[in-house]
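Structural overview
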Amino acid sequence: MPELTLVEAVNLALAHELARDPEVVLLGQDIGKAGGVFRATDGLWQRFGAERVIDTPLAESTIVGVSVGMAAQGMRPVAEIQFMGFIFPAFNQIATAVARMRNRTRGRITLPLVIRMPFGGGIHAPEHHSESTEALLAHLPGLKVVIPSTPARAYGLLLAAIRDPDPVIFLEPKRIYRQQREYVEDDGEAYPLEACFVEREGSDVTLVSWGAMMKETREAAERLAQDGISCEVIDVVTVAPLDVATLVESVQKTGRCVVVQEAPRSGGVASEIAAELAEKAILSLIAPIERVTGYDTIMPYPRTEHRYMPTVSRIVEAVQRVMEFH
Amino acid sequence: MATAARGGRKARPAGTGGELVARFEVRYLRFLDERGEWVAEPPAELLDPELQLRNYRDMLLLRRFDHKVLMLHRTGRMGTYPGTMGQEAVGVGMARPLTERDVLVPYYRSATDLYVRGAALHEILLYWMGDERGSDFKAPHMKHDFPIPICIGSQLPQAAGVATAIKLRGEQGRAVLTAVGDGGTSQGDFYETLNVAGAWNLPLVIVINNNRWALTEPTCAQTACQTLAQKAVAGGFEGIQVDGNDIFAVQAAVAAALDKARRGQGPTLIEALTYRLCAHTTIDNAARYVPKEELEAANAAEPLVRLRRWLQNQGILDDRLEAKLENEIKDEIEQEVELALNTPLPPPEAMFDYLYAELPEKLWPQRAEVIARERGTGDA
Ligand SMILES: Cc1ncc(C[n+]2csc(CCOP(=O)(O)OP(=O)(O)O)c2C)c(N)n1
Ligand SMILES: [Mg+2]
């Protein structure tokens, strides 16, 4: 088994579940014969047929609404939205049905469905192909919002998402779709959906991020280690509902926290993390929690998107500030 | 005019008889065939040599422009770009009959109609190079025209909104022209627009660029309908199909529909049948999914050659004039490309300065930070 990229690991997990469970069906635009615009479903139509890997009309509300109906019959639809920026025609379905059906019917109808989509900037794509609006989804009670940052996590978390009894939004950081290769065993082992990954232990400061920004966060931790600053690095993975306990435990140890998020600054997941830590770990904190984020603006188009994206140096500077705070 | 579709042709009756209460027909409009020969008599005003030479020149320019953009992309100087090759008659034919008082609400594959409308090539280039200023059309008569929308279908209810404003204000002689792809007709926004346009009898013309593909999906993956034009039936107004490779047919249909709208006689849906002779965008490889024979047939029916043949047969165009046009076109494209490539980046604060009429206090520190970072002081 060769080493896989993140998007290849997504493909592997989809193939595994299609083979394991006849109720699993993929739906989306251009996902069939063409294998999807990022090749996430490459070869699956050929292998599993047009009734398991379905090309839909160009209508996101159709994709999600139809998934709701199928899931209500006990099928396990895995819907693909081509880019996160095109979720909005389906937002009505997500907010008024996907997130609510279990609650609305007091558990009589449940929706074991997954909505996958690539998200995030830095790939020089046109408008609506670069945003990070995970907070819009994370804000809806009834949804789980999961974001892998390595090939192995993409595989294990996508298995878990498909097997979960509730709807899961699965956000794929496309900037790192092909950036890292890793050995991924096709063992069908799901990862837990409700846990953060503490991927580097440290004692001075807790660095928290998710998705593509994990790349910059890891690099910052490396760079800071050379200056003798020990960072604990946490990949949040499930931005809703948050694994608050792991975050609190880490901050109780380090006393400092920097949260890195690509999305705009205000009202995002980083704000929620900071609020939880302020409530639950205030006495452990020896410096203010810092957020390194995108700006509160529309994601600039490709010529200037670099001005928006958080960088390794911005993270390093923030860590230096919390280290120097007294 | 041939009849392209009749209601009920495919549908099987579900019930047990009953009286026939409705019926529909869709007509197909075509004047000039692939060989450049008339199959029907076009409206006399379209036979004006100057007009058709102008149409030809613009179509040729857009064909050359498409190629130029592809080359720029290959050398890393251009972002993702949706080509218009093969669809020039749709864009040029639809934008030509617009008056300055009308409003254009384009879809995203629309360099053709935007150019004819008056957008400069460097504006179109800047937009697709990833510069917001490309949507700030400088031609004064484009003041109310909408920018390129990427979210498929979203422009349609907005176009209905512009038409509603025109209607509520009782403005005679103004209409709205909008466009959508064949794939875009699957969106709820498309059907909602048909509905409101019919219900309110809006001065709106919707052109469907049916180029047979929505990215990798053929039109039959979108709909069971025999024509897309017949979707107007559900809106309660007229839908017609035209040969989208025949500029005479496109222009005649759109001109008549705009006239009707300007007179307060309501909306029209026009399905222009053409073919995407290029890839979906500069980052797509259409050879992976477009059948070769289909592409060959489409190439034989393309819009530019037939207009050229007709102009030549009329003695309007000869080799000398063709060479002169090519030179003029080359110069214009080169100049506009230079202009776009040499446009400096906007200042960093531009990412804040167009968010609101007045920047809220909370955002001033962020604005200061991006300026400081750009200056390299990094002190924010
Ligand atoms: C709401 C939305 N969903 C998906 C996309 C991605 N997308 C861009 S173009 C395209 C196909 C459009 O096909 P069609 O409407 O036929 O227009 P054409 O590209 O052929 O001009 C798709 C799926 C999008 N831009 N917007
Ligand atoms: Mg199309």
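Note that the structure is a prediction, hence the values are computed from the model and not measured.

1. Details of the site of ligand 1
- In the region of ligand 1, 21 residues are neighbours, and E60 of chain A together with Y107, Y108, R109 and W213 of chain B sit closest.
- With respect to ligand 1, the chains having nearby residues are chains A and B.
- One of the backbone N or O atoms of G184 of chain B is found 2.8 Å from an oxygen atom in ligand 1.
- A distance of 2.9 Å separates an oxygen atom of ligand 1 from a polar side-chain atom of N211 of chain B.
- Across the complex, the protein chains shield 97% of the 580 Å² of accessible surface that ligand 1 would expose by itself.
- Across the shell around ligand 1, the residue classes break down as ten nonpolar, eight polar and three charged.

2. Structural notes on helix 2 (residues 88–95) of chain B
- Counted residue by residue, helix 2 of chain B has eight buried out of eight residues, so it is predominantly covered.
- Of the residues making up helix 2 of chain B, those classed as buried are E88, A89, V90, G91, V92, G93, M94 and A95 of chain B.

3. Some points on the domain arrangement of chain A
Residue and element names in this part refer to chain A.
- The assigned domain composition of chain A is domain 1 (3–183) and domain 2 (197–322).
- When each unit is reduced to the centre of its C-alpha atoms, the spacing between domain 1 and domain 2 is 26 Å.
- Between domain 1 and domain 2, the residue contacts involve 28 residues of the former and 27 residues of the latter.
- With both sides pooled, the region where domain 1 packs onto domain 2 buries about 2,100 Å², and carbon together with sulfur makes up 57% of that total.
- Together, I147, R153 and R175 form the three largest contributors to the area buried by domain 1 at its contact with domain 2, with a combined 26%.
- One salt bridge connects R175 with E216, and the closest N-O pair in it is separated by 2.9 Å.
- Across the domain 1-domain 2 interface, the total number found is 14 residue pairs in polar contact (both at pLDDT 80 or more).
- Put simply, the parts of the chain that give the side of domain 1 that touches domain 2 at least two residues each are helix 6 (134–138), strand 5 (144–146) and helix 7 (151–163).

4. Looking at the environment of T227 of chain B
Residues and elements named next belong to chain B.
- Relative to the elements of secondary structure, T227 occurs in the loop between strand 7 (217–218) and helix 7 (232–235).
- By relative accessible area, which is 3% here, T227 ends up buried.
- Distance in space between the C-alpha atoms of T227 and A4 is 7.4 Å, their sequence separation being 223 residues.
- Residues contacting T227, with those up to four places away along its chain left out, are A4, A5, V26, Q241 and E271.
- A polar atom in the side chain of T227 sits 2.8 Å from the side chain of Q230.

5. Thoughts on the interface of chain B and chain A
- Between chain B and chain A, the residue contacts involve 41 residues of the former and 38 residues of the latter.
- When residues of chain B are sorted by the area they lose upon contact with chain A, I150, E217 and M351 of chain B head the list and together hold 17% of the total.
- Scanning the region where chain B abuts chain A turns up five salt bridges.
- Between E369 of chain B and R314 of chain A there is a salt bridge, and its shortest N-O distance comes to 3.7 Å.
- In this structure, the connection of chain B to chain A is made through 17 residue pairs in polar contact (both at pLDDT 80 or more).
- Residue assignment for the side of chain B that touches chain A shows that the elements contributing at least two residues are helix 4 (121–129), helix 12 (350–353) and helix 13 (364–375) of chain B.

Quick notes on the rules
Each chain carries its own residue numbering, running from 1 in the direction its sequence is written. Chains and ligands are labelled by the order in which they are written, letters from A for the one and numbers from 1 for the other. Only residues with pLDDT of 70 or above have their local features reported here, since the model is predicted, and side-chain atom pairs are shown and tallied only from 80 upward, although totals for entire chains, interfaces and linings are computed over all residues. Computation of side-chain values: all heavy atoms of the structure, hydrogens and water removed. In these notes, residues near a molecule or strand are those with any non-hydrogen atom within 4 Å of it. Polar contact criterion, stated in full: a pair of N or O atoms within 3.5 Å, where within protein one must be able to donate a hydrogen and the other to accept it, and residues adjacent in sequence count only if both atoms are side-chain atoms. Throughout, the Shrake-Rupley method with a 1.4 Å probe supplies accessible areas, and for residues the shown protein chains are the sole cover considered. Polar here means any residue other than Ala, Val, Leu, Ile, Met, Phe, Trp, Tyr, Cys and Pro, which are nonpolar, and Asp, Glu, Lys and Arg, which are charged; Gly is therefore polar. For every residue, the accessible area (1.4 Å probe, protein chains only) is compared with the maximum for its type, and the residue is labelled buried under 20%, exposed over 50%, or partly exposed between those bounds. Runs of E in the DSSP output that reach at least two residues are strands. Runs of H or I that reach at least four are helices, and both are numbered from the N terminus. In this document the domain limits rely on a domain assignment from an automatic tool or a database. Two residues form a contact once any of their heavy atoms are found within 4.5 Å. Buried area counts how much accessible surface, traced with a 1.4 Å probe, disappears from two parts once they are put together, with both parts' losses summed. Think of a salt bridge as a Lys or Arg side-chain nitrogen and an Asp or Glu carboxyl oxygen that are within 4 Å of each other.

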